[in-house]
Amino acid sequence: MTSPLDPIAPSPVVSAREVRKRFGPTEVLKGITLEVTEGEVLCILGPSGSGKSTFLRCINHLEKIDGGSLEVNGEFVGYARHRGALRELREREIARNRVGIGMVFQRFNLFPHLTVMDNIIEAPIHVLHQPPKQAQAHARTLLAAVGLADRENAYPSELSGGQQQRVAISRALAMRPQLMLFDEPTSALDPELVGEVLSVMRRLAEEGMTMICVTHEIAFAREVADRVIFMDEGVVVEVGTAHDVIDHPQNERTQLFLARVH
Amino acid sequence: MTLSPQIEGSYTTEQVIPLRHYGRWISAVLLLLALAAGIWSVVHNSGFGWSVVGSYLTTSSVLSGLGVTMELTVVAMAIGIVGGIVLAVMRLSPNPIVGGSAWSFVWFFRGTPVLLQILFWYYIAALYPTLSIGIPFGPTFFHANANTLITKFVAGSLALGLNEAAYMSEIVRAGILSVDSGQHEAAHALGLTRAKTMRRIVLPQAMRIIIPPTGNEIISMLKTTALVSVIALSELLGAVQQIYARNYQTIPLLIVAAIWYLTVTSVLYVVQFFIERHFSRGQRATARGLGHFFQSFAIRPRGSTRTRAL
Ligand SMILES: Nc1ncnc2c1ncn2[C@@H]1O[C@H](COP(=O)(O)OP(=O)(O)O)[C@@H](O)[C@H]1O
Ligand SMILES: [Mg+2]
């Protein structure tokens, strides 16, 4: 493991220390500590309700953490260092920080009133203020890369789940993020459509994208992940290489979970 | 043996006899008879004074009344829609003061009769003889005599518009709440601010829910404008009332007003159909309403075995 103080170590993209989050009386994240370095692919496994989605949502400040610290690209999520203290960011500043973080959801969340092309260029034009021509050209490159060059004028409702998720990935990539978060990107798909989404993610990993993937696709995690963590009830139960965590789990809870999903 | 010979593309070669709806035929004939009798009596009863109707339909005072009715409708609905969106967004604000103010506004304007509000705005000129715009307890930038500022038309459109804003805010709020929370999340995750998310992602989708009841509100407003005759503003109904007060041709002149209300309402139906179709982009089911209405008259070949959901 590399230390954050080591000058030649790759810089951490995400650095979480003792992150806590509660909803009312229930503590959903009970002190999550982990680091993701540049170019690393981290897969998060864990049973439903263990806090995986909540942790991803904290990383891009869709949820506010209640304790600990969370840094992305060396900046505190939601705060700025200000004369030795932390200043809470304004809404606009939070929005700007989210630009560097792409997010892909279980249920795609494409904008149904916009065509594929308009879904992709919405944020580049209205957040990054790119000229429409440039945004469209970039969008076409991205669509071609995910095999949807001919569907730019389709509405999301005219696409299969697998196609919608590939558009959603292109939409996130259009912002040229340094980090991609995937929250069970294939869980809402029919089994025969899972492969096309995973192959796009695999290629993204090969190109060196820093990725955090919550997934139940054990085979994918084993093949692509540099590191796998197993989460349960708001804590990281086990961390290691895919080989360690998936094939030789030490913790009983991990063993039980893997026995069920294998 | 086929179990479901009606299904399209089935492999039966047997003759299929479609279900005959005898009850529908009988009720249709009875209704047509009643309608014919009604029309015959209306046309032949001299009390309806069709020649009078014809001669007043396009007189200048009726047309100018119609103009006032339409202007009031447009101005009041503009205030109502803009105000309704602002109030709805305020209601959903995390700031309790902002949300509470919007709630109070809605509570007041939905809780009092619109007739009272019309009179209130008309007489408020007496309550505040001068109106000033400036910083409270500070300098004044604008100063006017309320009696001249609040004309009858302004009083009428303010009253109808603010009252409408209270109702529209509930319609807009329902529309906003109907949009899946994943849409807000996806937009925020892309770096869109709350305001841009609302304007570019949420409201366009909410429109599908907002448009049909808004159509009702416009049609209802067209008729509610008749209430401003209490402050002697002569819109369509007021204009015909003034005429029949002189010539006692009450029924024919009420028919004149009815014809105009129906004409404008019919135009609004058509406009609503096209607006609904526009905002249902990307939706599998296309606009219902008028399209459905027209479609129900479509002639289907007899003996056709196509099944189709109506
Ligand atoms: N907005 C919320 N309000 C209240 N409870 C929530 C909210 N979001 C998640 N939870 C709860 O937090 C726990 C963890 O949820 P989640 O992070 O979605 O788990 P996972 O993604 O691992 O299935 C669950 O018990 C869930 O009910
Ligand atoms: Mg989840």
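Let me begin by describing the structure that accompanies this report. (Residues numbered from 1 in each chain as written. Chains lettered and ligands numbered in written order. Predicted model: local features only at pLDDT ≥ 70, side-chain atom pairs only at ≥ 80, totals over all residues. Heavy atoms only, no water.)

Looking only at helices and strands, chain A has 9 helices and 12 strands in total. In terms of overall dimensions, chain A is globule-like: its C-alpha atoms have a radius of gyration of 19 Å, near the 18 Å expected for 262 residues. In terms of principal-axis extent, the alpha carbons of chain A reach across some 50 × 50 × 40 Å. The 262 residues of chain A split such that 57% are buried. Taking the contacts inside chain A whose residues are at least 6 apart along the sequence as the reference set, 65% of them involve residues at least 24 apart. When the accessible area of chain A is evaluated, it comes to approximately 11,800 Å², of which 50% is carbon and sulfur surface. (Helix = DSSP H or I, 4+ residues; strand = E, 2+ residues; numbered from the N terminus. Rg over C-alpha atoms; globule rule 2.2 N^0.38 Å. Buried < 20%, exposed > 50% of the residue type's maximum accessible area, 1.4 Å probe, protein only. Contact = heavy atoms within 4.5 Å. Areas by Shrake-Rupley, 256 points an atom, 1.4 Å probe, with all protein chains shown as cover.)

This part is about the packing of helix 4 (residues 132-145) of chain A against helix 5 (residues 161-173) of chain A. All names here are of chain A. At their nearest, the axes of helix 4 and helix 5 sit 10 Å apart, and the two run at 140° to each other. Between helix 4 and helix 5, the angle falls in the class oblique. The way helix 4 lies across helix 5 gives a crossing that is right-handed. Facing helix 4, whose interface residues are His138, Leu142 and Leu143, helix 5 presents Val167, Ser170 and Leu173. Partitioned by chemical class, the residues of the contact of helix 4 with helix 5 number 4 nonpolar, 2 polar and no charged. (Axes fitted to C-alpha atoms, helices over the stretch in contact; angles between N-to-C directions. Parallel < 35°, antiparallel > 145°, perpendicular 65-115°, else oblique. Left-handed = near helix turned anticlockwise from the far one by under 90°. Nonpolar A, V, L, I, M, F, W, Y, C, P; charged D, E, K, R; others polar.)

As a further point, take the site of ligand 1. Residues and elements named next belong to chain A. Surveying the vicinity of ligand 1 reveals the residues Phe23, Val28, Pro47, Ser48, Gly49, Ser50, Gly51, Lys52, Ser53 and Thr54. At a separation of 2.7 Å, an oxygen atom of ligand 1 approaches a polar backbone atom of Gly49. A distance of 3.0 Å separates an oxygen atom of ligand 1 from a polar backbone atom of Gly51. Isolated, ligand 1 exposes 560 Å² of accessible area, and the fraction of that covered by the protein chains is 56%. No other element matches helix 1 (residues 52-59), which puts 3 residues into the shell around ligand 1. Among the residues making up the shell around ligand 1, the classes are represented as 3 nonpolar, 6 polar and 1 charged. (Near = heavy atom within 4 Å. Polar contact = N/O pair within 3.5 Å; in protein donor to acceptor, adjacent residues only side chain to side chain.)

Take the sheet that holds strand 5 (residues 75-76) of chain A next. Residues and elements named next belong to chain A. The sheet built from 4 strands is open, its strands ordered 2-1-4-5 with antiparallel pairing. Lying at the two open borders of the sheet, with one neighbouring strand each, are strand 2 (26-37) and strand 5. When strand 4 (residues 67-72) meets strand 5, the two strands line up antiparallel, connected through 2 bridges. Within the sheet, the bridge partner assigned to Val72 lies in strand 5 and is Glu75. On top of the sheet, helix 1 reaches strand 1 (12-23), strand 2 and strand 4; it is set at about 60° to strand 2, its chief contact. (Pairing = 2+ DSSP bridges.)

Applying the stated criterion across every chain yields a total of 20 salt bridges over all chains. Between Glu170 of chain B and Arg91 of chain B there is a salt bridge, with the nearest N and O atoms lying 3.0 Å from each other. Separated by 79 residues along the polypeptide, Glu170 of chain B in helix 7 (residues 152-178) and Arg91 of chain B in helix 3 (residues 60-91) bring together distant segments of the chain. Between Glu170 of chain B and Arg173 of chain B there is a salt bridge; the shortest N-O distance is 3.9 Å. Linking Glu170 of chain B with Arg173 of chain B, this pair stays in helix 7, spanning 3 residues, or about one helical turn. For Arg173 of chain B, a relative accessible area of 23% gives the class partly exposed. Linked through salt bridges whose partners overlap, the residues forming this network are Lys21, Arg57 and Glu63 of chain A together with Glu185 of chain B. (Salt bridge = Lys/Arg side-chain N within 4 Å of Asp/Glu carboxyl O.)

Moving on, we get to the sheet that holds strand 11 (residues 227-232) of chain A. Residue and element names in this part refer to chain A. The strand order 8-9-10-3-11-12 describes an open sheet built from 6 strands, whose pairing is mixed. Every interior strand has two partners, whereas the edge strands, strand 8 (101-104) and strand 12 (235-240), have only one. When the angles between neighbouring strand axes are averaged without regard to direction, this sheet yields 15°. Bridge analysis of strand 8 against strand 9 (residues 179-183) gives 4 bridges, and the strand direction is parallel. Within the sheet, the bridge partner assigned to Val104 lies in strand 9 and is Phe182.

Residue and element names in this part refer to chain B. Helix 11 (residues 250-279) packs onto helix 10 (residues 236-247) with a crossing angle of 165° between their chain directions and a minimal axis gap of 9 Å. Overall, the two elements helix 10 and helix 11 adopt an arrangement that is roughly antiparallel. Helix 10 and helix 11 meet at a crossing whose hand is right-handed. Touching Leu236, Leu237, Val240, Ile243, Tyr244 and Asn247 of helix 10 are Thr250, Leu253, Leu254, Val256, Ala257, Trp260 and Tyr261, all from helix 11.

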